[in-house]
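Notes for the structure review
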Amino acid sequence: MAILKIARMGHPVLKRIADPVQDPTDPEIHKLINDMVDTLADIGGAGLAAPQVHVPLRVVIFHVPGARLAAEDQVEGTPPPGIPLTALINPEITPLGDEMVDGLEACLSVPGLAGTVPRYSRIRYRALAPNGSVIEREATGFHARVVQHECDHLDGILYPMRMRDMTSLGFVEELRRYEDKEAGD
Ligand code: NI
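Residues numbered from 1 in each chain as written. Predicted model: local features only at pLDDT ≥ 70, side-chain atom pairs only at ≥ 80, totals over all residues. Heavy atoms only, no water.

Considering the overall build of the protein
- Within the protein, the secondary structure is distributed over 4 helices and 8 strands.
- The linear arrangement of helices and strands in the protein, starting from the amino end, is α-β-β-α-β-β-β-β-β-α-β-α.
- Against the globule reference of 16 Å for 185 residues, the protein gives a C-alpha radius of gyration of 16 Å, in line with a compact fold.
- Overall, the C-alpha framework of the protein stretches about 55 × 40 × 30 Å when taken along its three principal axes.
- Counting only carbon and sulfur atoms, one obtains 53% of the accessible surface of the protein, whose full area is about 10100 Å². (Helix = DSSP H or I, 4+ residues; strand = E, 2+ residues; numbered from the N terminus. Rg over C-alpha atoms; globule rule 2.2 N^0.38 Å. Areas by Shrake-Rupley, 256 points an atom, 1.4 Å probe, with all protein chains shown as cover.)

Digging into the sheet that holds strand E7 (residues 134–140)
- Spatial ordering of the open sheet is given by E1-E2-E3-E6-E7, a layout of 5 strands whose pairing is antiparallel. The open sheet has two free edges, formed respectively by strand E1 (47–49) and E7, since each of these has just one partner strand. Averaged over neighbouring strand pairs, the angle between their axes works out to 40° when direction is ignored.
- Strands E1, strand E2 (59–64) and strand E3 (83–95) of the sheet are contacted by helix H1 (residues 27–43), whose axis makes an angle of about 40° with E2. (Pairing = 2+ DSSP bridges. Axes fitted to C-alpha atoms, helices over the stretch in contact; angles between N-to-C directions. Contact = heavy atoms within 4.5 Å.)

Examining helix H3 (residues 141–153)
- In this model, H3 (13 residues) spans 19 Å end to end at C-alpha, consistent with the 18 Å of a helix rising 1.5 Å per residue.
- Burial within H3 is extensive, with 12 of its 13 residues counted as buried. (Expected span 1.5 Å × (residues − 1). Buried < 20%, exposed > 50% of the residue type's maximum accessible area, 1.4 Å probe, protein only.)

Examining unusual backbone geometry
- Phi is positive for His54, close to 70°, though the residue is something other than glycine.
- Here His54 is to be found in the loop between E1 and E2.
- Residue His54 is classed as partly exposed on the basis of its relative accessible area, which comes to 30%.
- Although it is not a glycine, Asn90 adopts a positive phi angle of roughly 50°.
- In this fold, Asn90 is placed in strand E3.

In structure tokens:
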């Protein structure tokens, strides 16, 4: 088990285009993924991209709690199950339609802050799993958002670069305080 150090905004590893993984079954890649899983479990959060732990390779991990999906995916009527911890190697995203939706995002590499970011509301993504098999899924809501956020890290993009209205950027502590006031607490 290894907890890895998180690169913060400003570090060059977060600005570059990450390199494709040549062999997803390489034990070194599996070690990287295991360490990323340990790191995410330790620090908390929905996902982590390899460049965030100073490794410029096209690898991301993420998970989606069922409650999070249910809260934002009300189109189907029935809450879908959560997405278990998933590792994506060399992921590719295809938007399904032009519709974009705003949502609040935060990032372990931009600690303490959150801001409103537009993302495609429906996507298809394709990637390799650590055993070399192909993962192909369609995603909506928070699931689509977290995959777009994590995959952006592989292209040197942090969420503030996607924001359209910088006035929504703020410290999480202050945003929560303001929300409480709005709610009348
Ligand atoms: Ni991030």
